[in-house]
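Chains, contacts and geometry: an overview
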2 protein chains.
Amino acid sequence: MGDLFDRHRTTLGAALQAAQDRGYWSAFPEVPSGKVYGETAKEDGLSAYRARLGRPFELPGHPGMKAVGQEVSPYGFALGITYPAADAETLVAASQSAAPAWAGASPEIRVGVCLEILARLNRMSFEMANAVMHTTGQAFAMAFQAGGPHAQDRGLEAVAYAWAEMTRTPARATWVKPQGKGEPIVIEKHWRIVPRGISLVIGCQTFPTWNSYPGLFASLATGNTLIVKPHPGAILPLALTVQVACEVLAEEGFPADIVLLAADEAGAEITRDLVQHPAVAIIDYTGSNAFGDWVSENAATRQVYTEEAGVNSIVIGATDDFAGMCANIAFSLSLYSGQMCTAPQNIYVPRGGIETNEGPKNFDAIAAGVAAAVDALLSDPARAAGVCGAIANPATLARVEAARGLGRLVRDSAPLTGVEGARTATPMILAVDGDQTPAYEEERFGPIAFVIAVENAAEGIARAAGLAHRKGAITAALYETDDARIAAAADAFAAAGVNLSVNLTGGIFVNQSAAFSDFHVTGANPAGNACLTDTAFVANRFRVAMWRRPMAA
Amino acid sequence: MGDLFDRHRTTLGAALQAAQDRGYWSAFPEVPSGKVYGETAKEDGLSAYRARLGRPFELPGHPGMKAVGQEVSPYGFALGITYPAADAETLVAASQSAAPAWAGASPEIRVGVCLEILARLNRMSFEMANAVMHTTGQAFAMAFQAGGPHAQDRGLEAVAYAWAEMTRTPARATWVKPQGKGEPIVIEKHWRIVPRGISLVIGCQTFPTWNSYPGLFASLATGNTLIVKPHPGAILPLALTVQVACEVLAEEGFPADIVLLAADEAGAEITRDLVQHPAVAIIDYTGSNAFGDWVSENAATRQVYTEEAGVNSIVIGATDDFAGMCANIAFSLSLYSGQMCTAPQNIYVPRGGIETNEGPKNFDAIAAGVAAAVDALLSDPARAAGVCGAIANPATLARVEAARGLGRLVRDSAPLTGVEGARTATPMILAVDGDQTPAYEEERFGPIAFVIAVENAAEGIARAAGLAHRKGAITAALYETDDARIAAAADAFAAAGVNLSVNLTGGIFVNQSAAFSDFHVTGANPAGNACLTDTAFVANRFRVAMWRRPMAA
């Protein structure tokens, strides 16, 4: 049974090294290319996805009291897939029945299974891309990367941390305590990993795999059983994940119920029943602060890991590449129409303008520069569709409409052209004064941005960092040419628990977080109580128990 | 300023190696010997302790609105020491003022300071022994070891884990992402440790240093400021600790307020104010389940680490050393009169008796054997005083009285002789049937033990493990000669989150937990939500923040 571990041992070693070095590394190629994935991979993936539509999803032997499923693609059609669904009690009972076999497996076996699941998920990345695209609204290229290889890399990272933590303590040691001139006391000691129990993963609609894989694989590798509760609007990507996991588990002789799907429908969610069930020992949650607060307060377990929401900021102090800055910000605002937990919302700009390589630019010129860069980026309809994708949730469109009156309109939001039937919206940009905090200090999820007039960059940093401290933020960006001011900003954002990107231009964006290098979420402000990609995220998902006895000296 | 780190670098390296190997190792000699600590160390320590009595305790510059202190030695006299005391708001404000200097210090500096504090505490182990003896009631030898070197070893272990966790992520890395035939994207990344804030350590009366040092040093090394809240009956040991910490901090140019003492008096505790203060970011708590539940439910922070209480069990299935078994159990029941979180309370014995090297022994013979071994151990008054010490809290004596009717008296409790003025009690042993769960399934802290008649050892294991799962347990012991039964017991207790000792005879006891080898508390049952001595206990006391910017390729 250790074959899978051996098969993937090299990948695991490389992942551990990468997580230590924190330079660039990836196990799963992000380019959706036939040269990497096979010449027919793209067509095969599309066919496989299409074959899922309009019929029941196959999860052999999965507990099912009824069939549910009302997913509708943001591109304008119903998926028509139904999934086996059961109530919380049934799922918990099935999970508990499967638990002893998984808890009793060695770390090698469990990690081998997890690595094989990831490898198979990688091979079906084109199918997953279509599934993610038509549940989240992400454009195809982004759905491929964020839903496939990038999510798989994050899953691998969690497995690597789990391996390191589980093998930190030896399985056995001999403890020899000298007794002066007498015989030493000799004790043999044996340690084992004890999983916590049932791990509940609550997915979100916008990044069903990327945001779920860290907790999912961290819990699975450390011996817990899983109940995977997708957002009712984005079941398919996690159903595919569960299906692959169950296949590998069954092939290796384990009960498939070690990984269960908790499918449900909007208005009849079973999330609360699962969160409050005393047998649920670990909860990973991605979603709104409001429901995140409820989860934290009502969970039967104390082991709750959340990624909630925050307000991400950009502060503009100075730049030696005005066009590059505007283009970079424009892309960050437009990518997936601002529906990323890492997307910026607030752009703080000095009221009196800034110095640039094009000479001084006043507030209005900066706001207009960003707006013009958005227009340029989205001028070609095909490129616009590829950048913006579609809007996952109708409520986001309503939010855009409601925001229109919150400030002076610098750039209005509009539907994309050439994607009839899809729910789309380009970025809206509003100018406000720093005093208008009710407008911009709320998180307004979606393609809504504020250019905020402040006295100077220092005030912008103070406002952005203070807001992060109070309401949370996952990313921050700064444009500044003075090293002392950069250092001061780094101090302020670090104290507020925000990762900072400075002077981004060209092909790297504040929204992006690279596996094995960037930690995602710090856990140090209200945007989330945990980093999703560090040791602390994994080390408490299991406990260590010992037995010891004297040996003859 | 890195001198302290260099001075103790070898110790730190050895501690890290020991924690990995988990064999026997200790940095701080446990033998209260003049050869180790200096020929006059014992007398010097006693004199230093005596010089503290009957006067205000010196903490120069410490916030103080009034003086408090009503400690009374369990050996029968008032200490007469007063301590500066301030309300929660004042302490929090002082802690916050001191925070930036400590947060800004490098891990090397902070770890160096912590290691120097531990080294100085070690040198004053004889003074600490007297302080611990006359607040907890421990006999001198135990007070020296548990209050001094053993506690210091546990502190060092926490510092070592903190060092490993803080240095896991490099301070800087260069991330180079290939771009096909184009220039790679090159990003410089900088990471820093961000402490959580104020760390509150709530001590207990029975092990004021041993139980506090893991959390105290884990939080201090990772950059948090400390508010140390001793039990009103055992302030002196932690006041000495705070004093040493402040001395080292001040010498190194840091504000002494980085480590504050929150002294108070019984009936006017400030614990609740501190627990509920929104600026308190981490809480370490040792004490009762009842107040532990209150702390967990009412704390303003989610970072709460508890060691509460449980019911520890011994199961007797068979033995090939009946006398050795009885003697070993007798010592575990008598040591510090059962006032240890690791002391056994319940002894499960088959109703029909067991096989031993002395032939079959029935239930009554086993109960009588343990009782006789206690009598023998305590027959010499000086040795009895050295083993049992005194009773820390008058409520414990009342509990012994109240327990007398709970079963058939096998051995009665009595005061020690020759220690007039001291509050003492030898172990009470009661025989009950397995059905009498209300008697023995309550935690009855102190020198109270039950010998419980069960059908067989398997029933005893099931009852003991089930009780641990429901109400918590830190230790378990088993006497058994069959390897398959030992393995089954190891499985049962591991699943209940209890560390198990098998066939202990001679000079090692179930109560004992060795630094760098035994994990103390698993965190997997109600006896505590955390292991006090592992990575997970340390890794979440700080967060990591990054800033990054593009570099020329």
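Calculation notes
Residues numbered from 1 in each chain as written. Chains lettered and ligands numbered in written order. Predicted model: local features only at pLDDT ≥ 70, side-chain atom pairs only at ≥ 80, totals over all residues. Heavy atoms only, no water. Contact = heavy atoms within 4.5 Å. Buried area = accessible area lost by both parts, 1.4 Å probe. Salt bridge = Lys/Arg side-chain N within 4 Å of Asp/Glu carboxyl O. Polar contact = N/O pair within 3.5 Å; in protein donor to acceptor, adjacent residues only side chain to side chain. Helix = DSSP H or I, 4+ residues; strand = E, 2+ residues; numbered from the N terminus. Nonpolar A, V, L, I, M, F, W, Y, C, P; charged D, E, K, R; others polar. Pairing = 2+ DSSP bridges. Axes fitted to C-alpha atoms, helices over the stretch in contact; angles between N-to-C directions. Buried < 20%, exposed > 50% of the residue type's maximum accessible area, 1.4 Å probe, protein only. Right-handed = clockwise from strand over helix to strand, strands pointing away. Least-squares fit on C-alpha atoms with pLDDT ≥ 70 in both. Expected span 1.5 Å × (residues − 1). Phe/Tyr/Trp six-rings, centres within 6.5 Å; stacked < 30°, edge-to-face > 60°. Lys NZ or Arg CZ within 6 Å of the ring centre and 35° of its normal. Parallel < 35°, antiparallel > 145°, perpendicular 65-115°, else oblique. Left-handed = near helix turned anticlockwise from the far one by under 90°. pLDDT = per-residue confidence, 0-100. Core = buried A, V, L, I, M, F, W, Y, C linked by side-chain atoms within 4.5 Å.

1. With respect to the interface of chain B and chain A
- Counting from both sides, the interface comprises 65 residues of chain B and, opposite them, 65 residues of chain A.
- For the pairing of chain B and chain A, the buried interface totals around 5500 Å² over both sides, and the portion due to carbon and sulfur atoms is 52%.
- Sorting the residues of chain B by area buried against chain A places Tyr24(B), Arg302(B) and Arg548(B) first, and these three jointly supply 13% of that buried surface.
- Between chain B and chain A we count 14 salt bridges in total.
- Arg168(A) serves as the salt-bridge partner of Glu165(B), at 3.4 Å between the closest nitrogen and oxygen.
- Connecting chain B to chain A are 38 residue pairs in polar contact (both at pLDDT 80 or more).
- Of all the elements in the fold, those that place two or more residues in the side of chain B that touches chain A are α1 (3–21), β5 (172–179), β6 (182–195), α19 (483–495), β18 (499–502), α20 (535–539) and β19 (542–550) of chain B.
- With eight residues, the top contributor of residues to the side of chain B that touches chain A is β19(B).
- Split by residue class, the side of chain B that touches chain A holds 32 nonpolar, 16 polar and 17 charged.

2. Here's the deal with the pattern of salt bridges
- This model, assessed by the stated rule, comprises 60 salt bridges over all chains.
- Lys471(B) serves as the salt-bridge partner of Glu442(B), at 3.2 Å between the closest nitrogen and oxygen. With a gap of 29 residues between them, Glu442(B) in the loop between α17 (437–440) and β16 (448–454) and Lys471(B) in helix α18 (residues 457–471) connect regions that are remote in the sequence.
- By sharing partners, the salt bridges in this structure join Arg7(A), Glu116(A), Arg120(A) and Glu251(A) into a single network.

3. A word on the sheet that holds strand β11 (residues 304–307) of chain B
All names here are of chain B.
- Pairing is parallel across the open sheet formed by five strands, whose spatial order is β9-β8-β7-β10-β11. Strands with a single pairing partner mark the edges of an open sheet, and in this sheet they are β9 (259–261) and β11. On average, each strand axis in the sheet is inclined to that of its neighbour by 15 degrees, with strand direction left out of account.
- In this sheet, β11 lies alongside strand β10 (residues 280–286) in parallel orientation, the contact comprising four bridges. Residue pairing for β11: Ile283 is matched across the bridge by Val304.
- Where helix α4 (residues 88–103) meets the sheet, its contacts fall on β7 (198–202), β8 (225–229) and β9, and the angle it forms with β8 comes to roughly 150 degrees.
- Across the sheet, helix α9 (residues 213–221) touches β7, β8, β9 and β10, and the angle it forms with β8 is around 160 degrees.

4. A closer look at the pairing of strand β11 (residues 304–307) of chain A
- Because side chains alternate across β11(A), one face comprises the buried residues Val304(A) and Thr306(A), and the other comprises Tyr305(A) and Glu307(A), equally buried.
- For the crossover from strand β10 (residues 280–286) of chain A across helix α12 (residues 289–298) of chain A to β11(A), the handedness is right-handed.

5. Brief notes about the relation of the copies chain B and chain A
- Take chain B, turn it by 180 degrees, move it 0.0 Å along the axis, and it overlays chain A with an RMSD of 0.0 Å. Put plainly, the chains are arranged around a two-fold axis. For chain B, the smallest separation between a C-alpha atom and the rotation axis is recorded for Ala536(B), amounting to 3.1 Å.
- When the interface residues of chain B are mapped onto chain A, 100% of them again fall at the interface, so both copies present the same face.

6. Some thoughts on helix α6 (residues 125–136) of chain B
Residues and elements named next belong to chain B.
- Spanning 12 residues, α6 covers 16 Å between terminal C-alpha atoms, matching the ideal 16 Å at 1.5 Å per step.
- Counting buried residues along α6, 12 of its 12 residues qualify, which places the element largely inside the surrounding structure.
- Taken together, the buried positions of α6 are Ser125, Phe126, Glu127, Met128, Ala129, Asn130, Ala131, Val132, Met133, His134, Thr135 and Thr136.
- Downstream of α6 by a residue or two, Gly137 has a phi angle that is positive, lying close to 90 degrees.

7. Quick notes on the packing of aromatic side chains
- Per the stated rule, a full pass over the model turns up 32 aromatic pairs over all chains.
- Ring geometry for Tyr285(A) versus Phe291(A): centroids 5.9 Å apart, planes at 55 degrees, classification tilted.
- An aromatic cluster is present here, built from Tyr37(A), Phe126(A), Phe140(A) and Phe144(A) joined pairwise through their rings.
- Directly above the aromatic system of Phe519(A) lies the positively charged group of Arg22(A), at a separation of 3.8 Å from the ring centroid.
- Sitting over the ring of Trp294(B), Arg272(B) keeps its end group 4.4 Å from the ring centre.

8. Focus: the packing of helix α13 (residues 322–334) of chain A against helix α14 (residues 363–377) of chain A
Residues and elements named next belong to chain A.
- Close contact between α13 and α14 brings their axes to 8 Å; oriented N to C, the two are set at 60 degrees. Relative to α14, α13 is oriented oblique. Seen along the crossing, α13 lies across α14 with a hand that is right-handed. Packed against α13, whose contacting residues are Phe322, Cys326, Ala327, Ile329, Ala330, Phe331, Leu333 and Ser334, the element α14 presents Ala365, Ile366, Gly369, Val370, Ala373, Val374 and Leu377 at the interface.

9. What to know about the pairing of strand β5 (residues 172–179) of chain A
Residues and elements named next belong to chain A.
- Where β5 lies against strand β6 (residues 182–195), seven bridges are found, and the strand directions are antiparallel. Looking at β6, one finds that Gln179 is bridged to Gly182.
- What sits between the antiparallel neighbours β5 and β6 is a turn of two residues, in which Gly180 has the positive phi angle 60 degrees.

10. With respect to the packing of helix α6 (residues 125–136) of chain A against helix α10 (residues 236–251) of chain A
All names here are of chain A.
- The geometry of α6 relative to α10 is characterised by a closest axis approach of 8 Å and an angle of 150 degrees between their N-to-C directions. One way to sum up the angle between α6 and α10 is to call them roughly antiparallel. Mapping the contact onto sequence places Glu127, Met128, Ala131, Val132 and Thr135 in α6 and Leu236, Pro237, Leu240 and Thr241 in α10.

11. Overview of the side chain of Thr342(B)
- Within the element layout of this structure, Thr342(B) appears in the loop between α13 (322–334) and β13 (344–350).
- With residues up to four places along the chain from it excluded, the contact list for Thr342(B) reads Asn312(B), Ile474(B), Thr475(B), Val510(B), Asn511(B) and His520(B).

12. Details of the confidence of the model for chain A
- On average, residues of chain A score 97 in pLDDT, and 100% of them reach the 70 mark or higher.
- For this predicted complex, the interface confidence comes out at an ipTM of 0.96, alongside a pTM of 0.97.

13. Describing helix α5 (residues 107–123) of chain B
- For α5(B), spanning 17 residues, the distance from its first C-alpha to its last is 24 Å, which sits close to the expected 24 Å at 1.5 Å a residue.
- Among the 17 residues in α5(B), 14 count as buried, and that is most of the element.

14. A few points about the nonpolar core
- Counting residues in each nonpolar core, the largest one holds 242 residues, and the members touching the most others are Phe217(A), Val259(A), Phe217(B), Val259(B) and Ile316(B).
- For Ile316(B), the contacting residues outside a window of four places in its chain are Met325(B), Ile329(B), Ile347(B), Tyr348(B), Val349(B), Pro350(B), Ile354(B), Ile366(B), Ala457(B) and Tyr479(B).
- Judged by nonpolar contacts, the second largest core, of 39 residues, contains Ile314(A), Ile316(A), Cys388(A) and Ala453(A).

15. What about the sheet that holds strand β8 (residues 225–229) of chain A?
Residues and elements named next belong to chain A.
- On the basis of which strands lie adjacent, the open sheet formed by five strands has the order β9-β8-β7-β10-β11 and parallel pairing. This sheet does not close on itself; its edge strands, each paired only once, are β9 (259–261) and β11. Ignoring which end each strand starts from, the neighbouring axes of this sheet average 15 degrees apart.
- Across five bridges, the pairing between strand β7 (residues 198–202) and β10 is parallel. Across the sheet, the residue bridging to Ile198 is Val280, located in β10.
- In this fold helix α9 (residues 213–221) packs onto β7, β8, β9 and β10, with an angle of close to 160 degrees to the strand it touches most, β8.

16. Some words on the environment of Glu355(B)
Residue and element names in this part refer to chain B.
- By the secondary structure assignment, Glu355 is in the loop between β13 and α14 (363–377).
- A relative accessible area of 52% means that Glu355 is categorised as exposed.
- In sequence terms Glu355 and Gly317 are 38 residues apart; their C-alpha atoms lie 8.0 Å from each other.
- With sequence-adjacent residues up to four places away left out, Glu355 is seen in contact with Ala318, Thr319 and Pro360.

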